[in-house]
Amino acid sequence: MIEKALKGSTGYWVWMLFLLSIMGVGGLCYVQQFNYGLGITGMSRDVTWGVYISQFTFLVGVAAGGLMLVLPYYIHNYKAFGRIVILGEFMAIAAIAMCLMFIIADLGQPMRAMNVLLHPTPHSMLFWDMIVLNGYLVLNILCGWVVLQSEYKGIKYPKWIKPFIYLSIPWAISIHTVTAFLYCGLPGRHFWLTAILAPRFLASAFAAGPALLMVIAMILKRTTKFDVGREAQDKLVTIIGYAAMLNFFFLGCEFFVAYYSQFPGHMHTLDYLFWGLGHGDQVYNNLVPFMRASVVMGLAGIALIFVSRAKQSDGLLVVSCLLIFFAFWIDKGLGLVLGGFVPNMMDQVTEYYPSAQELGITAAIWATGFFILSILYKVAISVKLEKEA
Amino acid sequence: MDSKRRDFLKIAGLTAIAGIAAPSAFNSLLKGEAVASEHGEAAAAGAHGAAAPTGKRWGMVIDVKKFAENPGLAEKCVSTCHAIHNVPDFGNKKDEIKWIWVDSFKHVFPDDSSHYKQPEALDSLPILTLCNHCDNPPCVRACPTQATFKTKDGVIAMDYHRCIGCRFCMAACPYGARSFNWRDPRGKNANGQPFIKAENPKFPTRMRGVVEKCNFCVERLAIGQIPACVEVAAQTKALVFGDLNDPASEVSQVLKTTFTIQRKPSAGTHPSLFYII
């Protein structure tokens, strides 16, 4: 089946070479980081996690987003998702692969990563995150591949795969819950110390993951004969729209608790992210334009996505999905992790700016993710189109 | 017995078992020694958790008044510690590594706004800042490899050879006590000056990519010596070090008779450091 990835149009090969070139440049950046140390990044004693960990956090959500396709299709027997569900499972594989690469990129001693297995530590949430992420990766490779291969052979998928598919549903919830627990279990950081963090993560995941999927589906519709179908498209609009609204509801709850209670620790980071944090005679606000844009884009995206369905406009659908995707990418891929470090534990402010090498490595990991995704999608779509022809 | 009733009893029984088992399973998720909600007699010494069964719990009282009376003393504690522990000096804030340092009241006690008519007087005080060696340490809970751990004497120690450099402990520490080796501490700067000015061969240097912090001088405690900073301040008694679990120890006596404060007591970490301001 994999050989399908080796035959493609010129466009396919140009796209893959483009990704490979980014991976090459980022690979060189990583060699530099490996030799010099993480000091080559913009991280510091005060902001100890940067874009690597924030991308990781966001991508866990993209991976969990696949649940929004698997659950209706396999549990509720929602047949309209028949063509798109494999895209969700394969996207989860690529997203988890990126998550693992971002974690490795962030380690000071990557050669010792296996110490997490050698010295299993159940009281550390990172230990559980390792288990759920790798487990989810295995589950999606297994379920996606077996189901697709059955389709390739023209038979129904074997019965033994069903329990794994059912298991992957709560497992998707667990990856984002445990990832939230990395943050919300730390007593000193008020911005993260909120019970609503895991629900908020899930809400944004169920919007951002399917939104990205929708954009890709629309690209595939244009470039290949693969069409996920109008009904699936319209149903996804409902899912993305409501999940995005839920995310903003949760964000609103955070604002209420912080500003109505007037509890200083809860207000500081929100001040820093959305209004600028006055400290001494300086105002720190390097993330304010991003965070405000995130809110505007997210709300606009919600409005437009329903308009796109009313008008049956694919163009508007792509725009609204991109707005929602990037809104939540800023919210979680930037603000959530970086904001937690401001102010620091001594009530001082250090702002973080990623270095060129850091951005190069980040771009390369994204490119690797899309490289994996392209191979998997090429196989899936070739099989689907072949069977339907 | 009809089947519905039997099913009900089964479920009720299982629920009861789960209800009994769940809290203990949850507690084992947390770090063993620290009992989550200990309110009773253990309230002495800053309401820390149950006493360690092994006996000792090292702790320290920092008398800021005495440091103010002896200018330069706090700085001497810092330089002595950093020299014997081969703490590198990179000359910039971004890469900075520090085990113990002098800071201002508003930074060390950022939540304490109860002295609002005397901020200048407080902020001119030289406040020695170091790892709190918490009785309920969030860093130990967060570490995925047990590279940071609590010794039986209550010291929060580190295994630099096991640390993978994930910096989860740095996110978890409510006191900013931890530093990371962003670059090779054994290296030299552009002018050829080594980051470790004069290496102490008796203590290991660290490598790039691991976290480090004050270790309460475990290497000295092991051979019956007191921590280096305490030794520097010995004549003035600005630092009183000893066993918090021994009611006769000097540190226990000071804590019984003097009003002291802790950093961020509301975080539930139960620090082993106490300040006289």
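Residues numbered from 1 in each chain as written. Chains lettered and ligands numbered in written order. Predicted model: local features only at pLDDT ≥ 70, side-chain atom pairs only at ≥ 80, totals over all residues.

A.B. asks: I keep staring at the overall build of chain A and nothing clicks. Help me out?
C.D. replies: Helices and strands together make up the secondary structure of chain A, namely 13 helices and two strands. Computed over the C-alpha atoms, the radius of gyration of chain A is 21 Å, within 12% of the 21 Å expected from 2.2 N^0.38 for a compact globule of 389 residues. Projected onto its principal axes, the C-alpha coordinates of chain A cover approximately 70 × 50 × 40 Å. A total of 389 residues make up chain A; the buried ones form 49% of that total. (Helix = DSSP H or I, 4+ residues; strand = E, 2+ residues; numbered from the N terminus. Rg over C-alpha atoms; globule rule 2.2 N^0.38 Å. Buried ≥ 20, exposed ≤ 12 C-beta atoms within 10 Å, placed from the backbone.)

A.B. asks: Whenever I open this one, the overall build of chain B confuses me. Can you help?
C.D. replies: When you go through chain B residue by residue, the secondary structure sums to eleven helices and nine strands. Counting across all 277 residues of chain B, residues that qualify as buried make up 41%. Sequence separation of at least 24 residues holds for 66% of the intrachain contacts in chain B that already meet a minimum separation of 6. (Contact = placed C-beta atoms within 7 Å.)

A.B. asks: For this particular structure, what's the right way to read the packing of helix 2 (residues 51–64) of chain A against helix 4 (residues 85–106) of chain A?
C.D. replies: The packing of two helices is summarised by the inter-axis angle and the distance between the axes. Residue and element names in this part refer to chain A. Where helix 2 meets helix 4, the axes come as close as 8 Å, and the angle between the chain directions of the two elements is 160°. Relative to helix 4, the element helix 2 is oriented roughly antiparallel. Every pair of crossing elements has a handedness; the one defined by helix 2 and helix 4 is left-handed. Facing helix 2, whose interface residues are Tyr52, Ile53, Gln55, Phe56, Leu59, Val60, Val62 and Ala63, helix 4 presents Met91, Ala92, Ala95, Ile96, Met98, Cys99, Phe102, Ile103, Ala105 and Asp106. Considering only residue class, the contact of helix 2 with helix 4 consists of 16 nonpolar, one polar and one charged. (Axes fitted to C-alpha atoms, helices over the stretch in contact; angles between N-to-C directions. Parallel < 35°, antiparallel > 145°, perpendicular 65-115°, else oblique. Left-handed = near helix turned anticlockwise from the far one by under 90°. Nonpolar A, V, L, I, M, F, W, Y, C, P; charged D, E, K, R; others polar.)

A.B. asks: How should the interface of chain B and chain A be read in this particular structure?
C.D. replies: A common measure of how large an interface is: the accessible area buried when the components associate. Taken together, the 44 residues of chain B in the interface contact 31 residues of chain A. Put simply, the parts of the chain that give the side of chain B that touches chain A at least two residues each are helix 5 (105–108), helix 7 (138–142), helix 8 (168–172) and strand 6 (179–180) of chain B. Here the side of chain B that touches chain A takes four residues from helix 8 of chain B, the largest share from any one element. When the residues that make up the side of chain B that touches chain A are grouped by side-chain class, the tally is 22 nonpolar, ten polar and twelve charged.

A.B. asks: Got a minute to help me understand the environment of Asn247 of chain A in this structure?
C.D. replies: All names here are of chain A. Its location among the elements puts Asn247 in helix 9 (residues 230–261). Residue classification places Asn247 among the buried residues on the basis of 27 C-beta atoms within 10 Å. Note: C-alpha distance between Asn247 and Ser204 (43 residues apart in sequence) is 5.5 Å. Residues in contact with Asn247, not counting those within four places in the same chain, are Arg200, Ala203, Ser204, Ala207 and Phe328.

A.B. asks: I tried to follow the sheet that holds strand 1 (residues 58–63) of chain B on my own but got confused; where do I start?
C.D. replies: Each strand in a sheet pairs with its neighbour through backbone hydrogen bonds, running either in the same direction (parallel) or in the opposite one (antiparallel). Residues and elements named next belong to chain B. Strand order in the open sheet made by the three strands is 8-1-9, with mixed pairing throughout. Either end of the sheet is taken by a strand with one partner, and the two such strands are strand 8 (239–243) and strand 9 (273–276). Across the sheet, the mean angle from the axis of one strand to that of its neighbour is 20°, orientation sign disregarded. Sitting on the sheet, helix 11 (residues 250–257) is in contact with strand 1, strand 8 and strand 9, with an inclination near 115° to strand 8. (Pairing = 2+ DSSP bridges.)

A.B. asks: Even after reading the chapter, I still don't get the nonpolar core, so can you show me in this structure?
C.D. replies: Among soluble globular proteins, nonpolar side chains are generally buried collectively. Residue and element names in this part refer to chain A. Counting 186 residues, the largest nonpolar core has Ala63, Cys99, Ile240 and Ile324 as the members making the most contacts within it. Counting residues per element, this core draws most heavily on helix 4, which supplies 17 residues. Not counting residues within four places of it along the chain, the set of residues in contact with Ile240 comprises Ala207, Pro210, Ala211, Met214, Ile305, Cys321 and Ile324. (Core = buried A, V, L, I, M, F, W, Y, C linked by C-beta atoms within 7 Å.)

A.B. asks: Looking at this structure, I do not really get the confidence of the model for chain B. What am I missing?
C.D. replies: Should the pLDDT be low somewhere, the predicted coordinates at that spot are not to be read in detail. Residue and element names in this part refer to chain B. On average, residues of chain B carry a pLDDT of 87, and 81% of them reach 70 or more. Below pLDDT 50 for its whole length, residues 32–48 participates in 26 contacts with residues either more than four positions away or in separate chains. The ipTM for the predicted assembly is 0.90, set against a pTM of 0.90. (pLDDT = per-residue confidence, 0-100.)

A.B. asks: So what exactly am I meant to see when it comes to unusual backbone geometry here?
C.D. replies: For residues besides glycine, phi is generally negative; the peptide bonds are generally trans as well. The residue after Val342 of chain A, namely Pro343 of chain A, is reached through a cis peptide bond having omega -5°. Tracing the backbone through its elements, the reader meets Pro343 of chain A in the loop between helix 12 (314–339) and helix 13 (356–388). With a phi close to 55°, Asn86 of chain B is a non-glycine residue in the positive phi region. Counting through the fold element by element, Asn86 of chain B comes out in the loop between helix 4 (73–84) and strand 2 (100–103). Since 21 C-beta atoms lie within 10 Å of it, Asn86 of chain B is described here as buried.

A.B. asks: Sorry if this is basic, but what is going on with helix 11 of chain B here?
C.D. replies: Since the α-helix advances by 3.6 residues per turn, residues separated by three or four positions end up pointing in the same direction. Residue and element names in this part refer to chain B. Among the residues of helix 11, Val251, Ser252 and Leu255 are the ones counted as buried. Down the axis, helix 11 shows its buried residues gathered within 100° of arc, on one side only. Of the exposed residues in helix 11, the ones pointing more than 90 degrees away from its buried face are Lys256 and Thr257. (Arc of directions from axis to C-beta.)

A.B. asks: How do you make sense of the packing of helix 2 of chain A against helix 12 of chain A when you look at a structure like this?
C.D. replies: Residues and elements named next belong to chain A. Running from N to C, helix 2 and helix 12 point in directions that differ by 135°, and their axes come no closer than 8 Å. By the angle class used here, helix 2 and helix 12 are oblique. Crossing of helix 2 over helix 12 shows right-handed handedness. Residue-level inspection shows Ile53, Ser54, Gln55, Thr57, Phe58 and Gly61 of helix 2 in contact with helix 12, the latter providing Trp329, Lys332, Gly333, Leu334, Leu336, Val337 and Leu338. Residues belonging to the contact of helix 2 with helix 12 are distributed by class as follows: seven nonpolar, five polar and one charged.

A.B. asks: What is the right way to look at the confidence of the model for chain A in this model?
C.D. replies: The predicted model of chain A has a mean per-residue pLDDT of 94, with 100% of residues at 70 or higher. Mean pLDDT in chain A bottoms out at strand 1 (residues 277–279) of chain A, which sits at 88, and peaks at helix 1 (residues 10–36) of chain A, which reaches 96.

A.B. asks: Sorry if this is basic, but what is going on with the environment of Gln357 of chain A here?
C.D. replies: All names here are of chain A. Within the secondary structure layout, Gln357 lies in helix 13. Note on Gln357: 19 C-beta atoms within 10 Å, which makes it partly exposed. Along the backbone, Gln357 and Ile131 are 226 residues apart, and their C-alpha atoms lie at a distance of 30 Å. In this view, Gln357 contacts Cys29, Gln32, Gln33 and Ile40; residues no more than four positions away in its chain are not counted.

A.B. asks: In this structure, what is going on with the environment of Pro72 of chain A? I would like to understand it.
C.D. replies: All names here are of chain A. For Pro72, the location among the structural elements is in helix 3 (residues 67–75). A tally of 19 C-beta atoms within 10 Å means that Pro72 is categorised as partly exposed. Pro72 sits ten residues away from Gly82 along the chain, and the two C-alpha atoms are 10.0 Å apart. Aside from chain neighbours lying at most four places away, what touches Pro72 is Tyr78 and Phe81.

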